[in-house]
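A look at the structure
Here are the chains, one letter per residue:
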Amino acid sequence: MPQQSTIDWNSIDTVLLDMDGTLLDLNFDNYFWMTHLPKRYCDIHGGDRDQVRMQLYEKIMSEKGNQRWYDLTYWSNHLEVDINALKCEIQHLIQPLPYTQKFIQFAQEAGKKLYIVTNAHIDGVEIKMGQVDLARHFERIVVAFEYDEPKESDAFWPLLQQDLGYDPRRTLFADDNTAVLAAAERAGIAEVIGMRCPDSKGTRNELTGHKAVDNLGFLVPQ
Ligand SMILES: [Mg+2]
């Protein structure tokens, strides 16, 4: 049974939330990169679909954790396809994860300051926020590209803190990426929460070594 996570909400006034795999279903992104992009790449450039899928997978994975991994302009140029247009073809798959709205409503009513903090490219953020009605609940959406450092980097966190002016000792951060969770812990964020079920159609990540929940609903006091 997934456990309710106990958070002392009186000691938290800022909530920083990752977008893909935390607020939104990572199924969209996984489906896009693993299935839709290889299919449409073959439509556009030709080639054997299985071979193309493997080649694209290798190319994409070789940039994992780097700024380039998140840079849609880079991938559009490098692969000679319009990534944004292809994403829009399957935008109906952009969905909040279970209990995202419930958590946001709780945090807002409790007077917390809410921010989205994402490594995603601004174009991807715009496509997603155009599809789900979430942006209005947040003070701001911070895109890591603004600082030229991804969230995995120790250099990212002082820049974010300077920019938003939060007290890390009174801040909660949730994300589905273990390298990012570790960086947030090193930066002294009081409550760092991992997301075990980022993709509604994918496998569960145990995230041992981090405080973790299945979805944001488990952070809402009962
Ligand atoms: Mg994520």
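Now for a look at the structure at hand.

Helix and strand counts for the chain stand at eight helices and six strands. Secondary structure elements of the chain, listed N to C terminal, follow the sequence β-α-α-α-α-α-β-α-β-α-β-α-β-β. Seen through its C-alpha atoms, the chain measures out along the principal axes to roughly 55 × 35 × 35 Å. Split into buried and exposed, the 222 residues of the chain put 51% on the buried side. Summing over all exposed atoms, the chain offers an accessible surface of approximately 10700 Å²; the carbon and sulfur share of this is 46%. Put simply, the chain has 22 plus and 34 minus side-chain charges, and the middle of one group is 4 Å from the middle of the other.

Looking now at the nonpolar core. Counting 49 residues, the largest nonpolar core has W9, L17, L37 and F103 as the members making the most contacts within it. With six residues, the single largest contributor to this core is helix 1 (residues 27-45). Shared between two domains, this core takes at least three residues from each, and those domains are domain 1 (9-25 + 94-219) and domain 2 (28-92). Excluding residues that lie within four positions of it along the chain, L17 makes contacts with L23, F103, L114, Y115, I116, V117, F138, A174 and L216. Counting residues in each nonpolar core, the second largest holds 20 residues, with Y147, F173, I189 and L207 among its members.

This part is about a nonpolar patch on the surface. Together, M34, Y57 and M61 give the surface a local cluster of nonpolar side chains, amounting to about 250 Å² of exposed area. Assignment of secondary structure puts Y57 in helix 2 (residues 49-61).

Consider a sheet: its strands pair through backbone hydrogen bonds, and that pairing is either parallel or antiparallel. What the six strands build is an open sheet, ordered 3-2-1-4-5-6; its pairing is parallel. The open sheet has two free edges, formed respectively by strand 3 (140-143) and strand 6 (211-213), since each of these has just one partner strand. Adjacent strand axes in the sheet meet at a mean angle of 25° when their direction is disregarded. In terms of strand pairing, strand 5 (residues 191-195) meets strand 6 through three bridges, oriented parallel. Of the residues in strand 6, the one forming a bridge with I193 is K211. Contacts from helix 7 (residues 156-164) reach strand 1 (14-17), strand 2 (113-118), strand 3 and strand 4 (171-175) within the one sheet, and its direction differs from that of strand 3 by about 155°.

Next up on the list: helix 7. Of the positions making up helix 7, those classed as buried are F156, W157, L160 and L164. Seen end-on, helix 7 carries its buried residues on one side only, within an arc spanning 90°. Tucked inside the fold, the buried residues of helix 7 contact strand 1, strand 2, strand 3, strand 4 and helix 8 (178-186). With its phi angle positive at about 75°, G165 sits one or two positions after the end of helix 7.

Thresholds applied
- Position labels on residues start from 1 in each chain and follow its written sequence.
- The predicted nature of this model means local features are confined to residues of pLDDT at least 70 and side-chain atom pairs, given and counted, to a pLDDT of 80 or more, with totals for whole chains, interfaces and linings taken over all residues.
- With hydrogens and water stripped out, all remaining heavy atoms of the structure feed into the side-chain values.
- Runs of H or I in DSSP of at least four residues are treated as helices and runs of E of at least two as strands, each being numbered from the N terminus.
- Partly exposed residues are those whose accessible area sits between 20% and 50% of the maximum for their type, while under 20% is buried and over 50% is exposed, using a 1.4 Å probe and protein chains only.
- Residue burial considers only the protein chains on display, and all accessible areas are found by Shrake-Rupley using a 1.4 Å probe.
- A residue counts as positive if it is Lys or Arg and as negative if it is Asp or Glu; His and the chain ends are not included.
- To locate a charge, the coordinates of NZ of Lys, CZ of Arg, CG of Asp or CD of Glu are taken.
- Put simply, a nonpolar core is a bunch of buried Ala, Val, Leu, Ile, Met, Phe, Trp, Tyr and Cys residues held in one set by side-chain atoms that sit within 4.5 Å of each other.
- Each domain's extent is set by a domain assignment, obtained either automatically or from a database.
- Here, residues are in contact when the closest pair of their heavy atoms is within 4.5 Å.
- For patch building, the residue pool is restricted to those with more than 30% relative accessible area and no salt bridge; the joining distance is 9 Å between like charges and 5 Å between nonpolar side chains (Val, Leu, Ile, Met, Phe, Trp, Tyr).
- Whenever Lys or Arg places a side-chain nitrogen within 4 Å of a carboxyl oxygen from Asp or Glu, that contact is recorded as a salt bridge.
- Note on pairing: DSSP must find at least two bridges between two strands before they are called paired.
- A fitted line through C-alpha atoms serves as each axis, taken over the contacting stretch for helices, and the angle formed by two N-to-C directions is quoted from 0 to 180°.
- In this description, the arc belongs to the directions extending from the helix axis to the C-beta atoms.

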